[in-house]
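Coordinates in review
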Amino acid sequence: MKTRMPPFDDAAFEDCYRRTYPLVVSKCRRMVRGHSDAADLAQEVFVRLWNHRTVVLDVRALTAWLYRTSTHLAIDRARRRSLSRDSLQHLEALVGDQNPDDAEGRLASRQELRSMLGSVPTRELEAAVLSRFDRLAHPEIAEVMGVAERTVRRLLERFDRRTKSIKESAP
Amino acid sequence: MTSAPDHPSFQHSSEHPSFLALDRAALGHAPAAVTTHVAACDRCGAYVGTAREAATSAAPPAARAAPPGGLALVRQAALERRRRRLWRGWSLGAGGFVAAAAACTVLLVVGTQSQQQRHVPAADPAGGLYLGSKGLPSVWIYVKRDGGPELWDGKKPLASGDRLRVKVDPGGHDRVQVYAMRAGDNPALLYGGRITQGQGTILPDAWEVDASPGPERLFVVLANRDVLPAWDKWLRGEVESDVSLLPFVLPKAASDNGGTAKP
């Protein structure tokens, strides 16, 4: 639930910003490695919140919105290549189902991972990010994405089939 | 929140709550199971503890806390974006007008040359992918006292005799119910009906605040099906995933005895 913010009600937005900025940065750092990229992403999330002129009073709805929007933005930036090389590692590793710290495995198939990152449907990536990076259970992913649980299961199954085919075709 | 691992865990662990559940716990919104786990688990306890500290401390850890001046940057970026949109809208509008005028001219010329030529629809220009935020439900509460109705700011206390109107944008839902809760009772239905998706609608009823004690507690329930309230579960935070339960607590002025909205 949220109420439309009355014009110039800075105090309410500031309170929301102060309380939730740390969790948004933390969420972004699970998706992108570089702190400056994570801080940039977090700032963009709050620009969106500001532009919506909304103050979300209910913690459930607010946190769901923040998770959904930050995930959208991270995937969008990764696709537009506006993240640093370092920051792309996590999302690319997610597609390749690899440990992001496994440098050899990562470099061996970097090109394939990049092309896969561009070809995996956005909603599958969103569900995978929420599941693998944020450890969300299916009902939580359904809540954040605004879809049914069976849709979440289907998205993750498709995503797993894609990553499996990547691993099988890797040299 | 500082205790998050430096790289994501690739093994989904059902032993620990999700980061979303831990973040909610840090913001004071945790089901009993999560609270119990956080109290017993060093790792999750540290995550939630650090998160709470970062969100509430006057001098939180620099790497995680909202940066000084960050809010000003948010405002500035938002204003610049709005200016760019206005400019882009104007440019597109002006460009569209010129293009339309040019197209009319071309059509007139072509039309006179070949009146039997068939119209071929333009190809869909949408080649790119748009990533936007799905619309969230919004609720506006209007309070009418002496003058005209005012949008409730989320803090201003109500007084006996105030009249409330509720405007709802249900997002992707098409049914709305409004409940008011009296102390000790389950919420009572004030309004229920269908509503247009994605459109702000002022509900037809108004409610007057009476002089009973305690704050007003309103619940707005949104769904895409007829929902029977399950308050025992809902008030514990166990709400079905396809139902949105939006609670509002409207404080009363101290000089008032308080009250509950009545139709």
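Sequence positions are assigned chain by chain, starting from 1 and proceeding in written order. The naming scheme follows written order: chains are lettered A onward, ligands numbered 1 onward. Local features in this predicted model are restricted to residues of pLDDT 70 or higher, and side-chain atom pairs are both shown and tallied only at a pLDDT of 80 or more, whereas totals for entire chains, interfaces and linings draw on every residue. By convention in this description, side-chain values take in all heavy atoms of the structure and omit both hydrogens and water.

Side note on the overall build of chain B
- Scanning chain B from N- to C-terminus turns up 5 helices and 10 strands.
- Note on classification: 1.4 Å probe, protein chains only; a residue is buried when its accessible area is under 20% of the maximum for its type, exposed when over 50%, partly exposed between these limits. Taken over 263 residues, chain B has a buried fraction of 35%.
- Within chain B, contacts between residues separated by at least 24 positions form 67% of all contacts whose residues are at least 6 apart in sequence.
- Total accessible area computed for chain B in this model is approximately 15,400 Å², and 56% of it derives from carbon and sulfur atoms. Think of it this way: any DSSP run of H or I at least four residues long counts as a helix, any run of E at least two long counts as a strand, and we number them from the N terminus. The contact definition used throughout considers only heavy atoms, calling two residues in contact when any of these lie within 4.5 Å. Surface accessibility in these figures is a Shrake-Rupley result with a 1.4 Å probe; residues are shielded only by whichever protein chains are displayed.

Examining unusual backbone geometry
Residues and elements named next belong to chain A.
- Its identity as a non-glycine residue notwithstanding, arginine 135 has a phi of 60°, on the positive side.
- Examined against the element boundaries, arginine 135 turns out to sit in the loop between α7 (122-133) and α8 (138-145).
- Residue class for arginine 135 comes out buried when judged on its relative accessible area of 5%.

Remarks on the pattern of salt bridges
- The salt bridge definition used is simple: a Lys or Arg side-chain nitrogen within 4 Å of an Asp or Glu carboxyl oxygen. Tallied over the entire structure, the rule returns 15 salt bridges over all chains.
- Put simply, A:Asp160 and A:Arg132 hold a salt bridge, and the shortest N to O gap is 2.6 Å. Taken together, the residues A:Asp160 in helix α9 (residues 149-169) and A:Arg132 in helix α7 connect sequence positions 28 residues apart.
- A salt bridge links B:Glu150 to B:Lys156, with the nearest nitrogen and oxygen atoms 3.3 Å apart.
- By relative accessible area, B:Lys156 is classed as partly exposed at 38%.
- Via salt bridges that share partners, B:Asp174, B:Arg175, B:Arg194 and B:Asp226 belong to a single interconnected network.

Here's the deal with the packing of aromatic side chains
Residues and elements named next belong to chain A.
- Planes of paired rings set the category: under 30 degrees apart is stacked, over 60 is edge-to-face and the rest tilted, where pairs are Phe, Tyr or Trp rings (Trp by its six-membered ring) whose centres lie within 6.5 Å. Inspection of the entire model under this criterion finds 6 aromatic pairs over all chains.
- Both rings, one in tyrosine 17 and one in tyrosine 21, keep their centres 5.4 Å apart while their planes meet at 50°; by these two values the pair is tilted. Taken together, the positions of tyrosine 17 and tyrosine 21, both in helix α1 (residues 10-31) and 4 residues apart, correspond to about one turn of that helix.
- Residues tyrosine 17 and phenylalanine 46 carry aromatic rings whose centres are separated by 4.9 Å and whose planes lie at 80° to one another, so their mutual orientation is edge-to-face.

What about the confidence of the model for chain B?
Residues and elements named next belong to chain B.
- Per-residue confidence from the predictor is reported as pLDDT, which spans 0 to 100. Summary statistics for chain B give a mean pLDDT of 68 and a share of 58% for residues scoring 70 or more.
- Within chain B, the element-level pLDDT minimum falls on strand β10 (residues 261-262), averaging 42, and the maximum on helix α1 (residues 19-26), averaging 92.
- Low pLDDT, under 50, characterises residues 1-13; the predicted model gives this stretch 39 contacts beyond four residues in sequence or across chains.
- With a pTM of 0.52, the predicted complex shows an ipTM of 0.83.

With respect to the nonpolar core
- Think of a nonpolar core as a cluster: buried Ala, Val, Leu, Ile, Met, Phe, Trp, Tyr and Cys residues, connected wherever their side-chain atoms sit within 4.5 Å. Core analysis: the largest hydrophobic core is formed by 60 residues, its most contacted members being A:Val24, A:Tyr67 and A:Ile141.
- Ranked by the residues each element gives to this core, the list is headed by helix α3 (residues 59-79) of chain A, at 10 residues.
- Sequence-distant contacts of A:Tyr67, defined by excluding residues within four places in its chain, comprise A:Leu23, A:Lys27, A:Arg30, A:Leu130, A:Asp134, A:Leu136, A:Val144, B:Phe19, B:Leu20 and B:Asp23.
- Ranked by size, the runner-up nonpolar core spans 23 residues in total, among them B:Val139, B:Leu158, B:Val178 and B:Leu222.

A few points about the environment of A:Lys27
Residues and elements named next belong to chain A.
- Locating lysine 27 in the fold gives a position in helix α1.
- Since its relative accessible area comes to 1%, lysine 27 is described here as buried.
- Excluding residues within four positions of it along the chain, lysine 27 makes contact with Tyr67, Ser70, Thr71, Val129, Leu130 and Asp134.

Thoughts on the pairing of strand β9 (residues 244-250) of chain B
Residues and elements named next belong to chain B.
- In terms of residue burial, β9 counts as a mostly covered element, since 5 of its 7 residues are buried.
- In this description, strands pair whenever DSSP reports at least two bridges between them. The pairing of strand β8 (residues 216-223) with β9 spans 7 bridges and is classified as antiparallel. For phenylalanine 219, the partnering residue across the bridge sits in β9 and is proline 247.

Details of the packing of α3(A) against α1(B)
- In contact at an axis separation of 10 Å, α3(A) and α1(B) are set at 135° when each is read in the N-to-C sense. Our classification of the angle between α3(A) and α1(B) gives oblique. Considering only the axes of α3(A) and α1(B), their crossing is right-handed. Contact with α3(A), carried on its side by A:Val59, A:Arg60, A:Thr63, A:Ala64 and A:Tyr67, involves B:Phe19, B:Leu20, B:Asp23 and B:Arg24 of α1(B) and no other residues of that element.
- Residue classes in the contact of α3(A) with α1(B) are distributed as 5 nonpolar, 1 polar and 3 charged. Only the stretch in contact is used when fitting a helix axis, every axis being a line fitted to C-alpha atoms; angles between N-to-C directions are given from 0 to 180 degrees. What sets the label is the angle itself: under 35 degrees gives roughly parallel, over 145 gives roughly antiparallel, 65 to 115 gives roughly perpendicular, and the rest give oblique. Take the far helix as the reference: if the near one is turned anticlockwise from it by less than a right angle, the crossing is left-handed, and if turned clockwise, right-handed. The classification used treats Ala, Val, Leu, Ile, Met, Phe, Trp, Tyr, Cys and Pro as nonpolar, Asp, Glu, Lys and Arg as charged, and all other residues, Gly among them, as polar.

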